Amino acid sequence: MTNLIQTYLPNVYQLGWSGDAGWGTAIFTTLYMTVIPFIIGGIAGLGAGLLLVMTGPGGVIENKPVYWILDKIASVFRAIPFIILLAILMPVTMLIVGTMLGPDAANVSLSVAVFAFFLRQVQVVLSELDKGVIEAAQASGATTWDIVGVYLSEGLPDLIRVSTVTLISLVGETAMAGAIGAGGLGNVAISYGYNRFNNDVTFVATLIILLIIFAIQFAGDSLTRKISHR
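Residues numbered from 1 in each chain as written. Predicted model: local features only at pLDDT ≥ 70, side-chain atom pairs only at ≥ 80, totals over all residues. Heavy atoms only, no water.

Section: the pattern of salt bridges
So the rule is basically this: The working definition used for a salt bridge is a side-chain nitrogen of Lys or Arg within 4 Å of a carboxyl oxygen of Asp or Glu. Strands here are runs of E lasting at least two residues and helices are runs of H or I lasting at least four, both read from the DSSP assignment and numbered beginning at the N terminus. The classification of residues rests on relative accessible area computed with a 1.4 Å probe and restricted to protein chains. Under 20% of the type maximum is buried, over 50% is exposed, and intermediate values are partly exposed.
Throughout the structure, instances matching the rule amount to 3 salt bridges. Between Asp 158 and Arg 161 there is a salt bridge whose closest N-O contact spans 3.3 Å. Taken together, the positions of Asp 158 and Arg 161, both in helix α9 (residues 144-182) and 3 residues apart, correspond to about one turn of that helix. We classify Arg 161 as partly exposed; its relative accessible area is 41%. Here the salt bridges share partners, and the residues they tie into one network are Asp 71, Lys 72 and Arg 120.

Put into structure tokens, the structure is as follows:
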């Protein structure tokens, strides 16, 4: 196997597995820039999405100022292309992590991007739930936290589905962040592949990214089907 790689993918073999540009390092960095922002931005987006629905018109705790502020924050950050968001948030990134380079710096912008994207996804999912279920919970004397539980339990299959979409989108953004110095497979594909005319490196990096995306899609679809057929 090693001989085949060395013969047909010489530049891939030359990068090796470890080191700053090694394949193992690149894969770990990509996964790191996927998991951490998804957890941070996902939790924040879920909470804000719930609040947006509940404070919106006809919501259980209708509050126009809160709804307006959250709605505008989501709209603004969703409208900014990720590459520009990276530049805009550099001062904030420097303040939080002390550097503007590397995966930790990229995680700040990635978390903000996930927050805005997932917030909208959660809003759509929860807004489409059967209003009768929520009204029945209210009529039975459920507290606000009880109703939050109803929203989450009723919308769980669709929340898993939009989480899958968010993760896949995030993998693409990690590749973009990697291309401008954050490391990962995006950096390998551009810096060590495309810029040096090493097509085998670009091909393998792209293939690994696709495999990660397919794995996320498969896991998400499987979990959604399992939850939906309970």
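Quick look at the packing of helix α10 (residues 185-193) against helix α11 (residues 199-228)
Quick reminder of the rule: All axes here are fitted lines through C-alpha atoms, helices being fitted over the stretch that makes contact, and every angle between N-to-C directions spans 0 to 180 degrees. Each angle gets one of four labels, with under 35 degrees taken as roughly parallel, over 145 as roughly antiparallel, 65 to 115 as roughly perpendicular, and the rest as oblique. Crossing handedness is read from the near helix: turned anticlockwise from the far helix by less than a right angle, it gives a left-handed crossing, and turned clockwise, a right-handed one. When checking whether two residues touch, look at their non-hydrogen atoms; a contact exists if any pair is within 4.5 Å. Amino acids outside the nonpolar list (Ala, Val, Leu, Ile, Met, Phe, Trp, Tyr, Cys, Pro) and the charged list (Asp, Glu, Lys, Arg) are all regarded as polar, and Gly is one of them.
Between α10 and α11, the least distance of the axes is 8 Å, while the angle of their chain directions is 165°. On the basis of the axis angle, α10 is roughly antiparallel to α11. Handedness of the crossing formed by α10 with α11: left-handed. Contact residues: Leu 185, Val 188, Ala 189, Tyr 192 and Gly 193 in α10; Val 201, Thr 202, Ala 205, Ile 208, Ile 209 and Ile 212 in α11. By residue class, the composition of the contact of α10 with α11 is 9 nonpolar, 2 polar and no charged.

Section: the nonpolar core
It is characteristic of soluble globular proteins that their nonpolar side chains tend to be buried jointly. Rules: Note on terminology: a nonpolar core comprises buried Ala, Val, Leu, Ile, Met, Phe, Trp, Tyr and Cys residues joined through side-chain atoms within 4.5 Å.
Among the nonpolar cores identified, the biggest contains 28 residues, and Phe 82, Ala 106, Leu 110, Leu 126 and Tyr 151 are the most heavily contacted of them. At the level of elements, α3 (23-55), α5 (82-88), α7 (103-127), α8 (131-139) and α9 are the ones that each hand at least two residues to this core. For this core, the leading source of residues is α9, giving 9 residues. Discounting chain neighbours no more than four positions away, the residues touching Leu 126 are Leu 50, Val 53 and Tyr 151. Counting residues in each nonpolar core, the second largest holds 18 residues, with Ala 21, Leu 167, Val 171 and Val 201 among its members.

With respect to the side chain of Thr 93
Its place among the elements puts Thr 93 in helix α6 (residues 90-97). For Thr 93, a relative accessible area of 4% puts it in the buried group. Each residue touching Thr 93, except ones within four places of it in the same chain, is listed here: Gly 98, Thr 99, Ala 105, Val 108 and Ser 109.

Some thoughts on the layout of surface pockets
Here is the rule we go by: Here a cavity means grid points, on a 1 Å grid over the protein atoms only, where a 1.4 Å probe fits yet cannot get out; a pocket means an open set of points with protein on both sides within 12 Å along at least five of seven lines; lining residues are those with an atom within 4 Å of a point. Grid points are joined across faces, edges and corners, and a volume is the space filled by probe spheres set on the points.
In this model, the largest pocket occupies a volume close to 310 Å³. Around the largest pocket, the lining comprises 16 residues; the ones closest to its centre are Leu 159, Ile 160, Ser 163, Thr 164 and Leu 223. Elements represented by at least two residues in the lining of the largest pocket include exactly α3, α9 and α11. A total of 7 residues in the lining of the largest pocket trace back to one element, the largest contributor, which is α9.

Regarding empty space enclosed by the protein
One pass over the structure, following the stated rule, counts 1 cavity of 30 Å³ or more. Together, Ala 113, Val 114, Phe 117, Thr 166, Ser 169, Leu 170 and Glu 173 line the largest cavity. Taken together, the elements giving at least two residues each to the lining of the largest cavity come down to α7 and α9. For the lining of the largest cavity, the leading source of residues is α9, giving 4 residues.

Here we look at α11
Our working definition: The span expected for a helix works out to 1.5 Å for each residue beyond the first.
If you check α11, its first and last C-alpha atoms are 43 Å apart, about what 30 residues at 1.5 Å a residue would give, namely 44 Å. The complete set of buried residues in α11 reads Asp 200, Val 201, Val 204, Ala 205, Ile 208, Ile 209, Ile 212, Ile 213, Ile 216, Gly 220, Thr 224 and Ile 227.

Quick word on unusual backbone geometry
A positive phi angle, close to 60°, is found at Phe 197, a residue other than glycine. Inspection of the secondary structure puts Phe 197 in the loop between α10 and α11.

Focus: the UniProt feature "transmembrane region" (unreviewed entry) in the protein chain
For clarity, the threshold we go by: UniProt positions are given in the numbering used here, feature names are shortened, and annotations may be inferred rather than shown by experiment.
In the UniProt entry, the feature "transmembrane region" (unreviewed entry) is given for residues 31-55, 76-101 and 201-220. Summarising residues 76-101: 73% helix, 0% strand, and an end-to-end C-alpha distance of 24 Å.

Description of the packing of α3 against helix α4 (residues 64-79)
Interhelical geometry of α3 versus α4 gives an angle of 135° and a closest axis separation of 9 Å. In terms of orientation, α3 and α4 fall into the oblique class. Of the two possible hands of crossing, α3 and α4 adopt the one that is left-handed. Contacts from Ala 48, Leu 51, Leu 52 and Thr 55 in α3 reach Lys 64, Val 66, Tyr 67, Leu 70 and Asp 71 in α4. Considering only residue class, the contact of α3 with α4 consists of 6 nonpolar, 1 polar and 2 charged.

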